[in-house]
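Secondary and tertiary structure notes
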Amino acid sequence: MNDVAAYTDDVTFTKCFGDSPTAPRGGQSSSSNETWKTYFNDLDGDGIVGDGEDASTAYASKAITLERLGVAESGYTKKVKAEEDTSYTKSAETYALGNYSYRLRFSPEDGTSSKGLVFYDTLEEAYGSNDHWKGAFSSVDVGYAQRNGVDAKVYYSTVAGCDPNNNEADRDLTDGSKWSATVPDDPSQVTAVAIDLTRNQDGSEYVIKDGQVMLVCVNMVAPENVIPYLYPEKLLAYNVATVSSQVKKTDDAEFQQSATLLTKETTVGLREEERDLVLTKEVTGEGADTGKPFTFTLALTQLIPGKSYDVACDGELVEGDGVSVDAKTVTADDQGCATLGVRLSDGDSLRMTLPLCARYSVTEAGAPEYLAGYELTCDDEPDGDGDGDGDGDGWLPTTNDPLGLLVLGLGAVAACSLICLIALGLRRRRRE
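Cut-offs and rules
Residues numbered from 1 in each chain as written. Predicted model: local features only at pLDDT ≥ 70, side-chain atom pairs only at ≥ 80, totals over all residues. Heavy atoms only, no water. Pairing = 2+ DSSP bridges. Helix = DSSP H or I, 4+ residues; strand = E, 2+ residues; numbered from the N terminus. Axes fitted to C-alpha atoms, helices over the stretch in contact; angles between N-to-C directions. Buried < 20%, exposed > 50% of the residue type's maximum accessible area, 1.4 Å probe, protein only. Core = buried A, V, L, I, M, F, W, Y, C linked by side-chain atoms within 4.5 Å. Contact = heavy atoms within 4.5 Å. Polar contact = N/O pair within 3.5 Å; in protein donor to acceptor, adjacent residues only side chain to side chain. Phe/Tyr/Trp six-rings, centres within 6.5 Å; stacked < 30°, edge-to-face > 60°.

**Observations concerning the sheet that holds strand 4 (residues 91–94)**
Taken together, the three strands give an open sheet; going across it, the order is 4-16-12, and neighbouring strands pair in mixed fashion. If you trace the sheet from one side to the other, it starts and ends with strand 4 and strand 12 (237–239), each paired once. Pairs of neighbouring strands in the sheet enclose a mean axial angle of 20°, with direction left out of account. Relative to strand 16 (residues 266–270), strand 12 runs antiparallel, the two being bridged by three bridges. Within the sheet, the bridge partner assigned to Ala 237 lies in strand 16 and is Val 268.

Set out below in structure tokens:
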């Protein structure tokens, strides 16, 4: 039932009543409706209701019957969604260090209910004889269960070979040699997870009936270097999950132990991602020779084996103007490595479009009058690559925002040379 009231100071407005809780709604007396009495009493706040009040309030009421939607899919299912996707499906694709999530979903068959519900997931071990890749475990999201009053408990295994999907002995969550209720300091070491959904938050047994749904999400992170899984052929990650429960039909008196249900295979692929790496030379300081060329070596790894990469300057192939390189293109070897020698003067720059996961290292040949040491900074914070050594190497960041990596000269000298390494212009394309 939906009730509304509208107030007007135009007393000539027809079909209005005093703002009394006994005013009719939809032609029916409302004096017995406690909600109506509470909310529609003295709407204008003047302390006068009923016969002593101007007929300035119109009332309306509408009764609506809502039919419960049926569950479109019953049983135990597992689907996956990459961070950029809008829905869960049987397969997905993600990027280097991309976040993706497996959704475990259970709904009893029509005319049945279940209890003793435990979800198990042996993480991405369903590859069989297929070449494959594996992501790293991140977390388990039990928010849906908690919002529905279920006391969801998550257990983690870091034991190699612990396979609750296929080995009943590995489903014993009281076995402390295999399972722990504490997430490890390094979540990527987790090999399997179990989600105990047997109890409500008030301590009673959790029973799920037909037409109801329980959801849990297992969150993962893709590898940093995706190139080996895209070339020479595209590989997938494979996953299945199981659920253990007791089941009874509506007319049965007792629950019976159900056979463990296994989901169908879910797969995750990888996508190629590119970003421009720009190398710019800056020479500053009193007495600095801005025309002096400096020699650098740019070493690259985690490239696509055998692929050639163009070397450009402000969008044009390098032809001169103080910039000289060993080649206009560099070709990665069988290990995905390449080296480029370059000479740059103040204000010169070059550009290369590289896989996002490419790693780089920049070194400069020493010049006596200039400082040879560098400090790597990233957004004004020390050490852009996070390894703590400030050596001028790193890898192209995964953020979608342009990110500058600056190598600064240090020391009490008048002149110093700087290199700016800027990763810009994220490009994403699907590898078919």
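Moving on from the model shown.
**Thoughts on the pairing of strand 11 (residues 214–221)**
The sheet contact formed by strand 5 (residues 99–107) and strand 11 spans eight bridges and is antiparallel. Along strand 11, the bridge assignment pairs Leu 104 with Val 216. Note that strand 7 (residues 136–141) and strand 11 share five bridges and pair antiparallel. Note on strand 11: the bridge partner recorded for Ala 136 is Val 221.

**Quick notes on unusual backbone geometry**
Phi is mostly negative for residues that are not glycine, and the peptide bonds are mostly trans. With omega at 0°, the peptide bond leading from Tyr 231 into Pro 232 counts as cis. By the secondary structure assignment, Pro 232 is in the loop between helix 3 (227–230) and strand 12. We note that Leu 97 has phi near 60°; this positive angle belongs to a residue other than glycine. Following the sequence through the fold, Leu 97 ends up in the loop between strand 4 and strand 5. The partly exposed category is assigned to Leu 97, whose relative accessible area is 33%. Notably, Gln 302 is not glycine yet its phi reads approximately 60°, a positive angle. Relative to the elements of secondary structure, Gln 302 occurs in the loop between strand 18 (294–301) and strand 19 (308–310).

**Some remarks on the sheet that holds strand 11**
Read from one edge of the open sheet, four strands run 3-5-11-7, paired in antiparallel fashion. For this open sheet the edge positions go to strand 3 (75–82) and strand 7, each flanked by a neighbour on one side alone. If you compare each strand with its neighbour and ignore which way they point, the axes differ by 20° on average. Relative to strand 5, strand 3 is paired through eight bridges, and the arrangement is antiparallel. From the neighbouring strand, Tyr 76 faces strand 5, where its bridge partner is Phe 106.

**Some thoughts on the nonpolar core**
Within soluble globular proteins, side chains that are nonpolar generally end up buried alongside one another. Phe 119, Phe 137, Val 193, Ile 195, Leu 197, Met 214 and Met 352 are the most contacted members of the largest nonpolar core, which has 64 residues in total. Leave out the neighbours within four places in its chain, and Leu 197 touches Leu 117, Phe 119, Ala 145, Val 150, Ala 152, Tyr 206, Met 214 and Val 216. Core analysis: the second largest hydrophobic core is formed by eight residues, Tyr 120, Cys 162, Leu 173 and Ala 194 among them.

**A short note on the environment of Asp 163**
Positionally, Asp 163 belongs in the loop between strand 8 (153–157) and strand 9 (192–197). Of the residues examined, Asp 163 reaches a relative accessible area of 17% and is grouped as buried. Residues in contact with Asp 163, not counting those within four places in the same chain, are Thr 122 and Asp 170.

**Some thoughts on the side chain of Lys 78**
Along the chain, Lys 78 turns up in strand 3. When its relative accessible area of 5% is taken as the criterion, Lys 78 is described as buried. Within polar-contact distance, the side chain of Lys 78 engages the side chain of Asp 121 at 2.5 Å. Contact partners of Lys 78, with chain neighbours within four places excluded, come to Tyr 102, Arg 103, Leu 104, Asp 121, Asn 239, Val 240, Ala 241, Thr 263 and Thr 266.

**Re the environment of Gly 135**
Secondary-structure assignment places Gly 135 in the loop between strand 6 (112–122) and strand 7. Placed 12 residues apart in sequence, Gly 135 and Leu 123 show a C-alpha to C-alpha distance of 8.6 Å. Ignoring any residue separated from it by four or fewer positions in sequence, one finds Gly 135 in contact with Tyr 100, Glu 124, Met 220 and Val 221.

**Focus: the pairing of strand 3**
Extensive coverage of strand 3 is indicated by the burial of eight of its eight residues. Residues Gly 75, Thr 77, Lys 79 and Lys 81 of strand 3 are buried on one face, and the alternating residues Tyr 76, Lys 78, Val 80 and Ala 82, pointing to the opposite face, are buried as well.

**Focus: the packing of aromatic side chains**
For the structure shown, the criterion picks out four aromatic pairs. Where Tyr 100 meets Trp 133, the ring centres are 6.0 Å apart and the plane angle is 75°; that geometry is what we call edge-to-face. In this pair, Tyr 100 is assigned in strand 5 and Trp 133 in the loop between strand 6 and strand 7, connecting sequence segments 33 residues apart. Tyr 100 sits in the buried class, given a relative accessible area of 2%. Accessibility expressed as a relative area gives 1% for Trp 133, which makes it buried. Relative to Tyr 156, the ring of Phe 137 lies with its centre 6.0 Å away and its plane at 65°, an arrangement referred to as edge-to-face. With Phe 137 in strand 7 and Tyr 156 in strand 8, the pair connects residues that are 19 residues apart, well separated along the chain. Using a relative accessible area of 13% as the deciding quantity, one classes Tyr 156 as buried.

The values reported here are purely geometric and, on their own, carry no functional implication.
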